[in-house]
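What follows is the residue order along each chain.
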Amino acid sequence: MNKYFLTVYDKSGEKLLDETIQAQDDQQAKTLGEKRLKEKEYSERTHRLTSPAGALLLFHR
């Protein structure tokens with residue numbers, strides 16, 4: 001399992017969410033990240049999901 005990092009920001013720059021997601025691969029991490037964003041109703045907020053290698057998997061501004 002790899003650790004992926006999901007972060008959501010408010011327009012002021014304040015962190016609203018800073019979580020670690022455990023996933024087998026990038027695709028599973030993206031799916032889990034999108035699900036978490038929908039659960040918290042943060043899909044339209046500024047967010048990013050990064051891989052352990054620093055790759056940007058999800059980004060919304």
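A. Up close: the overall build of the protein chain. Assigned secondary structure in the protein chain consists of one helix and four strands. Listing every helix and strand of the protein chain by position from the N terminus yields β-β-α-β-β. Against the globule reference of 10 Å for 61 residues, the protein chain gives a C-alpha radius of gyration of 11 Å, in line with a compact fold. Principal axes of the C-alpha set define a box for the protein chain whose edges measure 35 × 20 × 15 Å.

B. View of the sheet that holds strand β1 (residues 2–9). Taken in spatial order, the four strands make up an open sheet running β2-β1-β3-β4, and their pairing is antiparallel. Either end of the sheet is taken by a strand with one partner, and the two such strands are β2 (15–23) and β4 (56–60). Each strand of the sheet is rotated relative to its neighbour by a mean of 10°, with strand direction disregarded. For β1 and β2, the ladder comprises eight bridges, and the chain directions are antiparallel. Bridge pairing in β2 links F5 to T20.

C. Representation of the pattern of salt bridges in the model. Under the criterion given, the structure shown has four salt bridges. Across the pair E19 and R36 runs a salt bridge whose closest N-O atoms are separated by 2.8 Å. Here R36 lies in helix α1 (residues 26–39) and E19 lies in strand β2, a separation of 17 residues in the sequence. Taking relative accessible area as the criterion, E19 reaches 22% and is therefore assigned partly exposed. R36 gets classed as partly exposed once you look at its relative accessible area, which sits at 24%. Between E39 and R36 there is a salt bridge; the shortest N-O distance is 3.1 Å. Here the residue E39 and the residue R36 both occupy positions in helix α1, the gap between them amounting to three residues, near one helical turn. On the basis of relative accessibility, which here comes to 49%, the residue E39 falls in the partly exposed class. Connected through shared salt-bridge partners, E19, R36 and E39 make up one network.

About the cut-offs
- Residues numbered from 1 in each chain as written.
- Predicted model: local features only at pLDDT ≥ 70, side-chain atom pairs only at ≥ 80, totals over all residues.
- Heavy atoms only, no water.
- Helix = DSSP H or I, 4+ residues; strand = E, 2+ residues; numbered from the N terminus.
- Rg over C-alpha atoms; globule rule 2.2 N^0.38 Å.
- Pairing = 2+ DSSP bridges.
- Axes fitted to C-alpha atoms, helices over the stretch in contact; angles between N-to-C directions.
- Salt bridge = Lys/Arg side-chain N within 4 Å of Asp/Glu carboxyl O.
- Buried < 20%, exposed > 50% of the residue type's maximum accessible area, 1.4 Å probe, protein only.

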